[in-house]
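The lines below spell out each chain.
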Amino acid sequence: MLKEYKEIYKEAHNKAEQIKIFLVSNIREKTDNFSDYSGTSVVSEYLSLNQQELIVESLRNSGFETVCFIDEMDFIKNYITNNYYRNDSKYPIVINTAQKGTAIGRKSLIPAFCDLYGLCNTNSNPYVVSLARNKYHCNCILKSNGLPTTNDYLYLPNEGWLLDKHPNEGEKVIVKLNYETSSIGLTSDNIFVYDCTKDSFIKNLASQFNQSVIVESFIEGFEVEVPVIIGTETEVVLPVGITVDNQKDLGNQILDYNIRRDLKFGFYNFEKAQPEISVKLEECTKRVVQLLGITGFGRVDYRIDYNNNIYVTDIATNPHITKGMSFYYAFSENGLNYTQMLETLISLGLIKSGHTLRESFGYEKLGFYN
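Predicted, not measured: the structure shown is a model, and the values here were computed from it.

(A) Representation of the packing of helix H3 (residues 72-81) against helix H5 (residues 109-117). The geometry of H3 relative to H5 is characterised by a closest axis approach of 10 Å and an angle of 10 degrees between their N-to-C directions. Looking at the two axes, H3 sits roughly parallel to H5. Note on element contacts: H5 touches H3 through Leu109, Ile110, Phe113 and Tyr117, opposite Glu72, Phe75, Ile76, Tyr79 and Ile80. When grouped by side-chain class, the residues that make up the contact of H3 with H5 number 8 nonpolar, no polar and 1 charged.

Structure, rendered in C-alpha cells:
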C-alpha cells in the first residue's frame, strides 16, 4: 500500500491554477486517418469520448486549465505555430495517452517532441517508452539480470526463428505480437502445445501484422498487474489480481483481445489475498522499473503458477489511467479518488522536470522549486 506517495498529489493540487495541462489522446470515432489492423483494431487502445471527458472534467474541477488534442500532429503543429502557448505565464505539462496507427515506437512521438521543446511531460523518456514496447528485448534484459521471465523465442516475418531457436516439441506456449499491447492479435488460438506444424500459424501471424512474434512458455494460474510510481522513490501502489467471470484462478484463460476490448474482467486486492507473494511481486517490480529506467506511472504484469513462482509477462510505461483499469483500482484501494490519481501523475511530472526546466524557462516564479 502507498506510504511515500500517499499525499504527493497535493504538490500539483496546491498549484493547479498556475498549471496548464495539454491532454494528448486518441479518441474512438473522433481521431481519424490512421493505419489499422483488420480483426483486432488499435482503436481498443484509444479513449472513448466519455473517458476523455471524465479526465478533463476531473482536471478542470481541480483548477487545472486543460487543453485537449485528439491527434498527435494537431498538438505538435498547434504548439509550434502558437506563440501564445510558449509565452503563457502558466507552467505547461503534457499528459499523453496517444499512439495513433500501427508504427513501431509510435507512443514515443510525443515524449520525444516534449524533450525537443523542453516541455514537461508525464511519460518516461522516448527511449524507455519504445524499449518497453519490444517484449523480446525487455525479456532479454530482465533475464540477463536474474529477474523471472518465461522461456521466449522470436519469429521474424521474413527470416523465421531468430538464431534458429524455437520452443521444444511438447512445450505449451503463448504467441504474441512483439510490439503490441491491449492484447492486439491475441485470441485463445494463440495458446497451444508446440510442434513444427505450428510454425505456419506463427508465420501467418507475423505476416498479417507485419512484425516480429514472440513465443513464450505459457504459465497456467493467476494473473496480477502491479501499478508502480517512480519519482524520487519507487513505490508499488498495490498488486492487483485479475478475474475473468469472477474467477481468480485463470488456469488456461487469458485476457484476449475481446475480453480486454469489452472490459470483461475484474479486479481484487491481491495483497490481501496473497500477502507473501505480494512481497515478492513488489520487490521484483521495483527492480524491473529501475533496470529499464521507467519514470512516473508504470505497470508490470505477471502470471503466477500453482507453485507460487512469478513470471514477468508484460511492462507498461503508459498504463491506462481510465477509471475501469487497474491503476485507478489500486489508488481507490489506497483511499484516493480519481482526481487525486491524476494529480499524483502531474506531481510526478513536476518532480521529473524540475531540474531541467528551471534555468531554461524561468519557472522559479511559480514556486515549483522552493
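(B) Main features of the packing of aromatic side chains. Under the criterion given, the structure shown has 22 aromatic pairs. Plain terms: the ring middles of phenylalanine 75 and tyrosine 79 are 6.2 Å apart, the flat faces sit at 35 degrees to each other, and that makes the pair tilted. On the criterion of helical spacing, the pair formed by phenylalanine 75 and tyrosine 79 is a turn pair, its members being 4 residues apart in helix H3. Consider the rings of phenylalanine 297 and phenylalanine 327, whose centres lie 4.3 Å apart with planes at 20 degrees: the pair is stacked. Linking phenylalanine 297 in strand E14 (residues 296-304) with phenylalanine 327 in helix H12 (residues 326-333), this pair joins segments that are 30 residues apart in sequence. The class for phenylalanine 327 is buried, based on a relative accessible area of 1%. When the ring centre of phenylalanine 192 is taken as reference, the NZ or CZ atom of lysine 198 above it lies at 5.2 Å.

(C) How the structure looks around the side chain of arginine 303. Along the chain, the position of arginine 303 falls in strand E14. Within the local environment of arginine 303, its side chain forms a polar contact with the backbone oxygen of glutamine 253, the two atoms lying 3.0 Å apart.

Conventions we followed
- Residues numbered from 1 in each chain as written.
- Predicted model: local features only at pLDDT ≥ 70, side-chain atom pairs only at ≥ 80, totals over all residues.
- Heavy atoms only, no water.
- Axes fitted to C-alpha atoms, helices over the stretch in contact; angles between N-to-C directions.
- Helix = DSSP H or I, 4+ residues; strand = E, 2+ residues; numbered from the N terminus.
- Parallel < 35°, antiparallel > 145°, perpendicular 65-115°, else oblique.
- Contact = heavy atoms within 4.5 Å.
- Nonpolar A, V, L, I, M, F, W, Y, C, P; charged D, E, K, R; others polar.
- Phe/Tyr/Trp six-rings, centres within 6.5 Å; stacked < 30°, edge-to-face > 60°.
- Buried < 20%, exposed > 50% of the residue type's maximum accessible area, 1.4 Å probe, protein only.
- Lys NZ or Arg CZ within 6 Å of the ring centre and 35° of its normal.
- Polar contact = N/O pair within 3.5 Å; in protein donor to acceptor, adjacent residues only side chain to side chain.

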